Amino acid sequence: MAPSVPCVAVVGGGIAGLAAAHRLVREFGMRVTVFEAGARVGGKLRTSAVAGVPVDEAAELFLARRPEAVALARAVGLGADLVAPRTTSAWLWTRGRLRPLPRGTVLGVPADLGSFLRSGVLSAPGAARLLTDLVRPPTPLTGDVAVGDYVARRLGREAVDRLVDPLLGGVYAGRASDLSLDATAPQLSAAVRRSRSLLRAARSVRRATPANPGPVFLTVRGGLGRFAATVAAASGATIRTGATIRSLQRGTDGWRLVVGSAADPREVTADAVVLALPPAPAARLLAGVAPGAAAALQEITTASVALVTLAYPRAQVAGLPPGSGWLVPAVEGRLTKAVTLVTAKWPHLGGDPVVVRASFGRHGAAHDLHRDDGELVEAARRDLAAAVGLSAAPVDARVTRWGGALPQYAVGHRDRVSRVRAAVADLPGLAVCGATYDGIGIAACIGSATRAAAQVADALRQAGQSSHV
C-alpha cells in the first residue's frame, strides 16, 4: 500500500506563509492548507486603485540582489512582469530644505565621503565631528549595542539624528536609539569589530558587496498584491480565509489545531505546522507547546504605521524634485517621516495623474496616528507644501493603517530569535517564519519561509507520518 501524502497546516496567509505553502506543495509534494484569519491573503502586500492607478498599500518593492523574491516571482509566472524603478536617488528633508541623500551609505553611515560632504545634510560642525571617527581610538564592541548609541560615539549625535535615524525609521518605523546593530546591520557589525573606524568599516562593507549590473529593487506590474495572489493561486494549497486558529496542541500522531470562532470551534489535525505570524499571535499559539519560544516572542514589540496616498492632475503639479522621494528626520518635528513620488519612481504607472505617498508612524509615538483620516491627509498636504510647494488639492486620497505592522529588532534581537528557534527545534514538525526572524523585507520573509518548509519536510520524511487536514 502506497504511503499517504503528509499534510501541513500553514498558519498565516502573508507572503511568508504563501511562500512556505508553495514550496511544500511544489517541491516536496505535500498537501497544505493555509489558514488566514483575515478576509484575504497577502498580509501587508495589498494593492488598490487611487484615481485609477494601482498603488500598493504597504510594501512597494523587494530587494532584487537577494534571490528569493525574484525566484518565486519567476516560478509563478511573473518573470515578464518584473519592473525596476526609474530612479533610486532620494533626498533628505533636513536643516530646512531637501538635500541629496549621500550615495553609498551603509545604514546611513557614509561610505563615500565625497558624496556625503557635497550633500550638506549635516552642519559644518556636525560634518567635522563625523570625520573625527578616522582618528579616534577604537570603540570596542563586546556584545550587541543600539545602532544610535554606537554611531553617536563614533560620528556624533547629528549624524545619528539626520542620517541614520531617518533611514531606520523608513525601514523599521523604529528609532536608532533602540534598534540592534547586530540584527539590523550584521555585515556592518562584523566589520566594525575588525576596524578602529566606523567610516572605514562602512567602506569595507560597500567594497565587499559583489558588483551586480542589475537593478537593486524590483516590483511586479499590477502591484505586490497581485504577486501575493498569484503565489497563492500557483501554490496548489487549499486557502481558508476567515479562519482564525485559536489553539495549537501536539498529539501522539501529529498536531491538533482549533479553528473558527469561540461559538463554533472546530478541530483539525496535521502532520506538521508552519507558523507564519507576527510575534504576538505566534506567542499565543506557542504558549502551551513551546513556552520558551512564547516568552521570547513576547519580548518583541511592534510599530504601527499609516500611509496617505494622494493623486494630482499633472497639469496642477510643478516643481517636484527628481528622484524617488525623500526621508524626514524626526528632529525636523514633522509628522511625515517619508514621501515616495510613486509615479515618478515606477515607469509602468504612467505620469498622469501624479501619485505621491506619505508615510507616518514611529515606534513609541502611537499618538501620532491617533488622528482621523482627514487629519492625516491634511498633515501630508501641509508637509508637501512646506517641502516642495505642492499646494494643489488632490483629486483622490487613500489612507491605509497597519496596526502592529513592523517587528522591532531591538538590542538583543538575535538572541531572542535563537531562543525561539531552539525551543521550536525540540518539536519536530513545527517551524516558524516571517518578518520577525531574519529581516522584514519581502525577500527575507520568503527566505525564512523556504527554510521553514524544508525543516518540516525533513522532519516528516524522517518520521514517515501522515494524518489529515
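Quantities reported herein were computed from a predicted structural model and do not represent experimental measurements.

1. Remarks on the packing of helix α1 (residues 15–26) against helix α10 (residues 224–235)
Packed helices, taken two at a time, are described by the angle between their axes plus the distance between the axes.
Line of reasoning, step 1. Interaxial distance between α1 and α10 falls to 9 Å at its minimum, and their mutual angle equals 25°. With respect to α10, the element α1 is oriented roughly parallel. You can see that α1 and α10 cross each other, and the crossing is left-handed. On the side of α1, the interface is formed by Ile 15, Leu 18, Ala 19, Ala 21, His 22, Val 25 and Arg 26, while α10 contributes Phe 227, Ala 228, Val 231, Ala 232, Ala 234 and Ser 235.
Line of reasoning, step 2. When its residues are assigned to classes, the contact of α1 with α10 shows ten nonpolar, two polar and one charged.

2. What to know about the sheet that holds strand β6 (residues 82–83)
Line of reasoning, step 1. The strand order across the open sheet built from three strands is β5-β11-β6, with neighbouring strands paired in antiparallel fashion. Each end of this open sheet is capped by a strand with a single partner; those strands are β5 (62–63) and β6.
Line of reasoning, step 2. Relative to strand β11 (residues 217–220), β5 runs antiparallel, the two being bridged by two bridges. Paired with Leu 63 across the two strands is Phe 217, which belongs to β11.
Line of reasoning, step 3. Together, β5 and β11 form the strand contacts of α10, whose direction differs from that of β11 by roughly 70°.

3. Structural notes on the pattern of salt bridges
Pairing between side chains of opposite charge can happen when the charged atoms of each approach one another.
Line of reasoning, step 1. Applying the stated rule across the entire model yields 21 salt bridges.
Line of reasoning, step 2. Linking Asp 373 and Arg 401 is a salt bridge whose minimum nitrogen-to-oxygen distance equals 3.0 Å. In this pair, Asp 373 sits in helix α14 (residues 373–388) while Arg 401 sits in strand β21 (residues 396–407), placing the two residues 28 residues apart along the sequence.
Line of reasoning, step 3. Accessibility expressed as a relative area gives 37% for Asp 373, which makes it partly exposed.
Line of reasoning, step 4. Take Arg 401: its relative accessible area is 35%, and that puts it in the partly exposed class.
Line of reasoning, step 5. Taking the shortest distance from any N to any O, the salt bridge between Glu 378 and Arg 381 comes out at 3.7 Å. Of this pair, Glu 378 and Arg 381 both sit in helix α14, separated by three residues, roughly a single helical turn.
Line of reasoning, step 6. The exposure class of Glu 378 is partly exposed, given its relative accessible area of 37%.
Line of reasoning, step 7. Connected through shared salt-bridge partners, Asp 81, Arg 221 and Arg 226 make up one network.

4. Here's the deal with the nonpolar core
Line of reasoning, step 1. Formed by 48 residues in total, the largest nonpolar core has its most connected members in Val 109 and Leu 188.
Line of reasoning, step 2. Sort the elements by how many residues they give to this core and helix α6 (residues 157–172) lands first, with seven residues.
Line of reasoning, step 3. Not counting the four nearest positions on each side in its chain, Val 109 is found in contact with Gly 104, Val 151, Leu 155, Val 164, Leu 188, Leu 198, Leu 199 and Ala 202.
Line of reasoning, step 4. Counting 47 residues, the second largest nonpolar core, distinct from the first, contains Val 8, Ala 20, Ala 272 and Ile 442.

5. Examining unusual backbone geometry
Negative phi characterises most residues that are not glycine, and trans characterises most peptide bonds.
Line of reasoning, step 1. Along the chain, Asp 352 connects to Pro 353 via a cis peptide bond; the corresponding omega equals 5°.
Line of reasoning, step 2. Position of Pro 353 among the secondary structure elements: in the loop between α13 (342–345) and β20 (354–360).
Line of reasoning, step 3. Even without a glycine there, the phi angle at Ala 51 is positive, about 50°.
Line of reasoning, step 4. Within the secondary structure, Ala 51 is located in the loop between β3 (47–50) and β4 (53–56).
Line of reasoning, step 5. Positive phi values are uncommon outside glycine, yet Ala 173 reaches one of about 55°.
Line of reasoning, step 6. Judged by its relative accessible area of 0%, Ala 173 falls in the buried class.

Conventions adopted
- Residues numbered from 1 in each chain as written.
- Predicted model: local features only at pLDDT ≥ 70, side-chain atom pairs only at ≥ 80, totals over all residues.
- Heavy atoms only, no water.
- Axes fitted to C-alpha atoms, helices over the stretch in contact; angles between N-to-C directions.
- Helix = DSSP H or I, 4+ residues; strand = E, 2+ residues; numbered from the N terminus.
- Parallel < 35°, antiparallel > 145°, perpendicular 65-115°, else oblique.
- Left-handed = near helix turned anticlockwise from the far one by under 90°.
- Contact = heavy atoms within 4.5 Å.
- Nonpolar A, V, L, I, M, F, W, Y, C, P; charged D, E, K, R; others polar.
- Pairing = 2+ DSSP bridges.
- Salt bridge = Lys/Arg side-chain N within 4 Å of Asp/Glu carboxyl O.
- Buried < 20%, exposed > 50% of the residue type's maximum accessible area, 1.4 Å probe, protein only.
- Core = buried A, V, L, I, M, F, W, Y, C linked by side-chain atoms within 4.5 Å.

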